[in-house]
Amino acid sequence: MIQISWKAFEENVKLISSYIWNCNANKETIKGVNFDCVLKPKLDHWVIVEITEDTTLNKVRTDVGKFSSTRLSLMSDGIYPECFLVTKDEPTNSMQETGSENKIKVLSYISFSNLFLNYNSYYHVRTQKAFGSSVNPLSGEPDNIKYTPVFYENTRTRSNIDIKEISKLLLEGKKIILLGNYGTGKSRCIRELYFQLGNKQLKSLYYPLAINLKENWGTRKAEEMLRRHFDDLGLGENSNSIVKIVDKSSLMLLLDGFDEIGTQAWSDDSKKLKQIRTTALSGTKDLIQRCKGGLIITGREHYFNNDSEMFSLLGLNPQDTIVLRCKDEFSDDEMKKYLSSLSNMIDLPFWLPKRPIICQIINSLEVADIERIFIDSYSSVEFWRTLITNLCNREAKIHPILDKDTILKIFIEIGRMTRTKGGNIGPITVSEINKAFEIVVGSYPVDDSAVMLQRLPALGRMSSESSDRQFIDNYILDGLRAENLIQIVNENNTDVLNEKWINPLEKLGIEVVAKYIKDNQCANYFMDYLRKNSNSFNKVLLGDILASISFYASKSIIDIGGLIINDSTISTLNLSNSLIDNFMIKDSIIFEVDISNCSCSKISIKDCIIRKVYGLTRIDEAPSFIASNDIESCEKESLSYFDNKSDLNSSQMIFISIIKKIFFLGNQGKLENDILKSQGNKDDQKIATEILKILTREKLVIKEQAKKDFVYKQKSHQRSRMTKILADLTHSKDKLWLEISKLTVGNTQ
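Residues numbered from 1 in each chain as written. Predicted model: local features only at pLDDT ≥ 70, side-chain atom pairs only at ≥ 80, totals over all residues. Heavy atoms only, no water.

Caption draft 1: Molecular detail of the overall build of the chain. A tally of regular secondary structure across the chain gives 30 helices and 25 strands. Counting across all 749 residues of the chain, residues that qualify as buried make up 58%. In the chain, once contacts between residues fewer than 6 apart in sequence are set aside, the share between residues at least 24 apart is 63%. With the model as given, the accessible surface of the chain reaches about 31,800 Å², and the carbon-plus-sulfur share is 47%. (Helix = DSSP H or I, 4+ residues; strand = E, 2+ residues; numbered from the N terminus. Buried < 20%, exposed > 50% of the residue type's maximum accessible area, 1.4 Å probe, protein only. Contact = heavy atoms within 4.5 Å. Areas by Shrake-Rupley, 256 points an atom, 1.4 Å probe, with all protein chains shown as cover.)

The structure is reproduced here in structure tokens:
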């Protein structure tokens, strides 16, 4: 049943009638009989439409009388009348039969509207297709993940606006531009708007069309774009109808990706780029200028040289256009709510980028994988690999000209180029991007490849006045730099030794390299590269390798061999628990260094600027090996965001996982079944069961019955003990840790 007022119902039927027969539809009295809607497409062909909410047979019989007398009178004047009775709801079979017997077509409101355009078919087909770049990163299929409600910022008023308010503005006929960087949810916004508006279109009689602009290369006129859109959906028979209303207020346009419409050339000349954009967007501009209904168009910020060019090339008036911006990140609360909706076993990690695309990738994983990634101590590394793999998969699906591995290699090469950039994340010129492509592929980018390069994920324009790019996500950039460092060592690349790097690996990057060393047991290989090239001009490279080795745990001390590093920049260095020894760092900048439990005798760090020292209570109490430096701050606690796990056995790993779930991921308690399922194989589950027994026996947790399962809750006063165990790990002397360490499948019950 259509929920619509009588006035709106009557007006909509008149409007549809005018679209079908291409003439005015008005109330009129014919031969003394009043009719709701009369159209005169030809002098000798009239259309008479009666509109009613009454679906009784008596109503049809009454209108049959009106039509019959009028028909005879008109036909005597040489006019053929075509008669329709339109009911608000579906007419009964008897009503339709009675009408048919008297040459009157009795149709429901929906059936009558379908005479003009079968919008239900369009809605059904369109909702099955992808909305812009909103695709599942694993399968490339349309992204069907539930929309996460977010706010968008009005750039003029700085106020927040949600999706319902945007829908309302479109219904009022407003024109909107939605800007945003890669992965901030522009396509998801378009998809959600369409789902909200498309299934209610008959109520207000508007026709929302959701068009992916990237599919409209080479179009120059509005009609071309509309026909191509319907042809691509297999609904070409409807294109004539939609073209009829291109300049009517009932056409609503949701246009996604003005930056993706595609250009057939790629230039580093700003004037030439503007001309390229002008040509590429000519069809879009024509469609926008002729649209009298509501309109929203999305694209990346800084795609145009400035706002003036944006409004000009899109054909929009700055005074009448609302400009919105996608926020780069969700708030902590939004992310926490989102993660809790996936699993009660995970919490918001400090290292997790809070971008909408992160939510999309998380949602594409199995719950068990999500929990494993977030709870494992190397979760930031695993998540980064998942993220970059899926980003490259996504781009390969959108632009099949390049496979995911090639896209990743181009990414890594561009990441390497930023090592010498004063701005850290950029600037990266168009020429440099082209060069990275050429290095990887072996040829210069043209056509589809050039389009892909213009929209590489995580790269954005430096400013509206420049065509230079920069990484908009340092999280992704740091991982790419780490991958490049691994390549350099594996390939024994010496070309980079003469480069002047100024930007070091940060926390994630060091962790990526450290985990690679651990997984492949190749510390000696990295050590050999470091020793052989100790006199390298590239001091940051040497510092990165040393920092990565320092976070690789070993049972015995790693002797660095008297290495001297000077004039370097090191983000994070781990000297805790005396894992590396016999090296000197001088005249350098170190952001963070952990000296907890460090007793090595052959370390010397002097004449450096050190931002923060962990494991130190007071600066004036610094041990001699680090005292001769400009230390800006210190902290007593150990630097705890890295866990050294290379030598942990299965029972220790399972214990860490369980402790983190119970003590550090909320206070609601964890179900026994969930804890066991997250361990994977049966042997690990047996060990996990035994660990839960020990924790209960030692009264470290509270075990309660919960319906058909047990729930384990933390005893808050034991949390500090668990924190110390996690900090010490293999160095812990806690009797609980020692007991757990001896567990095997053979000695569990």
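Caption draft 2: Highlighting helix α24 (residues 539–550). Over its twelve residues, α24 runs 17 Å from end to end, which matches the ideal 16 Å to within 8%, given 1.5 Å per residue. Here α24 lies mainly inside the structure; twelve of its twelve residues are buried. Where α24 is concerned, the buried positions are Lys539, Val540, Leu541, Leu542, Gly543, Asp544, Ile545, Leu546, Ala547, Ser548, Ile549 and Ser550. (Expected span 1.5 Å × (residues − 1).)

Caption draft 3: Molecular detail of the confidence of the model for the chain. When the pLDDT values of the chain are averaged, the result is 84; 88% of them are 70 or greater. In the model, residues 641–646 has pLDDT below 50 throughout and makes 28 contacts with residues more than four positions away in sequence or in other chains. (pLDDT = per-residue confidence, 0-100.)

Caption draft 4: Looking closely at the sheet that holds strand β23 (residues 670–671). A sheet is described by the order of its strands in space; here three strands give the open sequence β23-β25-β24, paired in antiparallel fashion. Either end of the sheet is taken by a strand with one partner, and the two such strands are β23 and β24 (701–706). Two elements, β23 and strand β25 (residues 709–714), share two bridges in a ladder whose sense is antiparallel. Among the inter-strand pairings, Leu671 is bridged to a residue of β25, identified as Val711. On top of the sheet, helix α26 (residues 650–664) reaches β23, β24 and β25; it is set at about 75° to β25, its chief contact. (Pairing = 2+ DSSP bridges. Axes fitted to C-alpha atoms, helices over the stretch in contact; angles between N-to-C directions.)

Caption draft 5: Region of interest: the pairing of β24. Note: β24 against β25, six bridges, orientation antiparallel. Counterpart to Gln705 in the pairing with β25 is Phe710. The antiparallel hairpin formed by β24 and β25 contains two residues in its connecting segment, where Lys707 sits at a positive phi of about 55°.

Caption draft 6: The arrangement of the pairing of strand β9 (residues 207–212) in detail. Counting buried residues along β9, six of its six residues qualify, which places the element largely inside the surrounding structure. Both faces of β9 are covered, namely the face carrying Tyr207, Leu209 and Ile211 and the face carrying Pro208, Ala210 and Asn212.

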